[in-house]
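# An overview of the molecular structure
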Amino acid sequence: MSSIFTVLTRFLYVVIGIILISAFVGLFTNGIQLEITLFVDNVLHIMKSLVFPENLMILGPTNRQYSIFINFWDYYFYSLIIFLAALCISIIIGLFITYVTILLPQKLNDVVSRIISLLESLPDLFIIIVIQFSVIYYFNQTGTLLFPVAGSSQNNTYFLPIFSLALIPSFMIYRINLHLVNEEWKKPYIELAKSKGFNKSNIFFSHVLRNIAPSTFSHSKSIVLYLLSSMVIFEKLFNIYGIFTFITSYPNPNVIAFALIMFFLPVFILYALITTLIEKKYWPKIGMVI
Amino acid sequence: MYIVKRLFINKLFLTGFVIISTMFLVSILYFLIFNDRIPTTPLLFDSSGKPLPAPYSLKIFPPFGTDNFGRDLFIVMIVGAKYTIAAGLIITFLRVFPSIWIGLFIHFFLQKIERPLKSIADALNYFPITLLAFLLLNVILVQEVMIYNIDGVLVNGPEPLPYWNRVVLFLVVLALLFIPTNSILISNEVKAIYNNEFIESSRTLGASNWRIVTKHIKPFLVPQLAIIFLRDFIQTLILMSHIAVLGLFIGGFTRKDDLFGQPDKLSNSNEWSGLLGMWWDFLWTSYPWIAFIPIIFLSILILSAKGMMEGLTNVLTAVDRLREPTEKRIETGFIKSDNPFQRVKLY
């Protein structure tokens, strides 16, 4: 129970942080006006809009005020699907590469981990441009478009942005996991299991994975933050009409705060669920996670 | 000094260092000798007198060809190198240097409110940093007066700031965004060093805070700071390229006519991340290599910095291992336990 409480207080802190920063951004909308009164006004305005969402208005192209809810949810769910899918896929890919590396002999193991650490340090823009270019090149050569490279307001693209977004975090997860697994592999119970005749993949899935899962989970915060920060770029480069496009086109402080808080809500719910599940099932308290 | 000597024997560190400093020095030399003059080719015609389309390929103008203004891209890259590296270094310095003092201040004078401070700094991290940088800089770096239509009346947007103010504000804003996180990080480092026994004995003997910082904390903190500096340098370059994709970069742009008289944007500083943002669209044209050039250069820069960081980490761990007493080193192979029948912990 206590862990749910920590996740909740953490969420509260994050909400306060987002409100304060959005109010600060509000000082920069009409030129730079660093005034305390404006800041306080912004904070109050944001809080009012959060309690009464009908105050969330944007200025349309013809200078009429619209409520954001005409199309906000389309943008929101599109981004959320991409974000959560990328999170899941990066964890799955990360675990899979770890598993494969464990099975390899030691020499190949070193080679693979070196290649991955090189790939991880490449800037994400490089990876995006290579992926986009190869899809286009294949299209030029054969005339079949494997996946749509960019979306439009009518046609949403899913596969390519999710895959490219998941790629670098999966390398990060791999690096963390490999470190944890190597630590775990030195422990005496592994030796016992080996001497009893279990093979490597058996030990990995029934013992090691279970023991490293809490640590992997507690490292996943940095991955969530990384994904969030990259989402802004991905929405631009893949022409995704997602929540960050929405924010950059209508940068009103209350819209920014509302959109980001709504975006974090499911993430925190997910974390609260997993934390309680973990606590109940096998492990002792794993502490503050997100 | 010993660490520095070992660093330059380390292959990874040396390669990274040589690549970065060569790029920087070549660019500076080009500025000193040719004053950043970029050779431009006029419109070319084929044998029958038909004009050839403007971005000329790498076969006609090795090694990288030209852009739609006829500028030699290799020289453009050389000119941009110094601005990229210098901007990265300045931002990183502005991020790390104030954070050292703030971190020390937090550790020595604000110990009581350290926990809430950390929670706040942590909560601030959840605002995507690229988005925040974009929202702030979007107003600061405005170049042309926008005209809005409010209630049927045309209203001018904010006036653009003078050129150098924009450059300075760009550097300062990108640095400020990371100061809270960095200060907390450094205060944690200081705390870890502070828990050592020798600090306690020094304190018992009556040493002042200043003496402890300069005599006992500094030798341990400086190597950590070097790692933080390199890590932040990489992060800064990545952040700069991200906001360049969103259309904001150092120096801004001027509108100019290209070889066919079509108006197009031209980067003022030719800084790599800005070029990356401006040239991304070439990927969809029949000259995709133009989009690749700045990204490849930037990746080389980032990988070299990463190599320096890895080399530094390796050297530091090696030095640390030398510092440990010999008995401890021999013992590590065994399971240490006081009780021979102790249960093996599974987690």
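What follows deals with the overall build of chain A. The helix and strand tally for chain A stands at 10 helices and two strands. Beginning at the N terminus, the succession of helices and strands in chain A can be written as α-α-β-β-α-α-α-α-α-α-α-α. Taking the principal axes of its C-alpha atoms as reference, chain A extends roughly 75 × 60 × 30 Å. Considering chain A as a whole, with its 290 residues, one finds that 33% of them fall into the buried category. Of the contacts made within chain A by residues no fewer than 6 positions apart, 73% connect residues no fewer than 24 positions apart.

On a plain count of helices and strands, chain B comes out with 12 helices and four strands. Nonlocal contacts in chain B, meaning residues at least 24 apart in sequence, comprise 71% of its contacts between residues at least 6 apart.

This part is about the domain arrangement of chain A. Residues and elements named next belong to chain A. In terms of domain boundaries, chain A breaks down into domain 1 (1-55 + 253-290) and domain 2 (72-251). Averaged C-alpha coordinates put domain 1 and domain 2 at centres separated by 26 Å. Taken together, the contacts link 16 residues of domain 1 with 13 residues of domain 2. Broken down by class, the residue content of the side of domain 1 that touches domain 2 amounts to 15 nonpolar, one polar and no charged.

This brings us to the interface of chain B and chain A. Counting from both sides, the interface comprises 41 residues of chain B and, opposite them, 38 residues of chain A. Listed by contribution, the elements that provide at least two residues to the side of chain B that touches chain A are helix 4 (114-124), helix 5 (129-140), strand 1 (147-150), helix 9 (209-245) and helix 11 (289-323) of chain B. The leading source of residues in the side of chain B that touches chain A is helix 5 of chain B, at nine residues. Partitioned by chemical class, the residues of the side of chain B that touches chain A number 32 nonpolar, seven polar and two charged.

What follows covers the environment of B:A207. Residue and element names in this part refer to chain B. Tracing the backbone through its elements, the reader meets A207 in the loop between helix 8 (197-204) and helix 9. Taking the C-beta count within 10 Å as the criterion, A207 has 15 such neighbours and is therefore assigned partly exposed. A sequence separation of 34 residues divides A207 from S241, and the C-alpha atoms of the two residues are 47 Å apart. When residues no more than four places from it in sequence are discounted, the contact partners of A207 are S202 and I212.

This part takes up the nonpolar core. Judged by nonpolar contacts, the single largest core of 123 residues is most densely connected at A:A259, B:A133, B:I243 and B:A305. The element contributing the most residues to this core is helix 11 of chain B, with 13 residues. Both domain 1 (1-55 + 253-290) and domain 2 (72-251) of chain A contribute no fewer than three residues apiece to this core. Non-local contacts of B:A133, meaning those with residues more than four positions away in its chain, are made with B:V173, B:L174, B:L177, B:L239 and B:I243.

Further remarks concern the packing of helix 3 (residues 72-103) of chain A against helix 6 (residues 159-185) of chain A. All names here are of chain A. In contact at an axis separation of 6 Å, helix 3 and helix 6 are set at 45° when each is read in the N-to-C sense. Of the possible angle classes, the one that applies to helix 3 and helix 6 is oblique. Where helix 3 crosses over helix 6, the handedness of that crossing is right-handed. A breakdown of the residues in the contact of helix 3 with helix 6 according to their chemical character gives 18 nonpolar, six polar and no charged.

Do not read the fine detail of predicted coordinates wherever pLDDT is low. A residue-level look at chain A finds 92% of positions with pLDDT of 70 or above and a mean pLDDT of 83. Mean pLDDT values over the elements of chain A span from 72, in strand 1 (residues 57-59) of chain A, up to 89, in helix 3 of chain A.

All names here are of chain B. Mean pLDDT over chain B works out to 82, with 88% of the residues at or above the 70 mark. Within chain B, helix 2 (residues 11-34) carries the highest mean pLDDT (92), whereas helix 12 (residues 326-331) carries the lowest (51). This model gives residues 330-340 a pLDDT under 50, and the stretch forms two contacts once residues within four places in sequence are excluded. Residue range residues 342-347 is modelled with pLDDT below 50. Its contacts to residues more than four positions away, or to other chains, number seven contacts. The ipTM, which scores confidence in the relative placement of chains, is 0.86 for this predicted complex, and the corresponding pTM is 0.86.

Residue and element names in this part refer to chain B. Of all five residues that make up strand 3 (residues 253-257), zero are buried, and the element is exposed over most of its length. Pairing of strand 3 with strand 4 (residues 263-267) involves five bridges; the strand directions are antiparallel. Counterpart to R255 in the pairing with strand 4 is K265.

Criteria and cut-off values
- Residues numbered from 1 in each chain as written.
- Chains lettered and ligands numbered in written order.
- Predicted model: local features only at pLDDT ≥ 70, side-chain atom pairs only at ≥ 80, totals over all residues.
- Helix = DSSP H or I, 4+ residues; strand = E, 2+ residues; numbered from the N terminus.
- Buried ≥ 20, exposed ≤ 12 C-beta atoms within 10 Å, placed from the backbone.
- Contact = placed C-beta atoms within 7 Å.
- Domains from an automatic or database assignment.
- Nonpolar A, V, L, I, M, F, W, Y, C, P; charged D, E, K, R; others polar.
- Core = buried A, V, L, I, M, F, W, Y, C linked by C-beta atoms within 7 Å.
- Axes fitted to C-alpha atoms, helices over the stretch in contact; angles between N-to-C directions.
- Parallel < 35°, antiparallel > 145°, perpendicular 65-115°, else oblique.
- Left-handed = near helix turned anticlockwise from the far one by under 90°.
- pLDDT = per-residue confidence, 0-100.
- Pairing = 2+ DSSP bridges.

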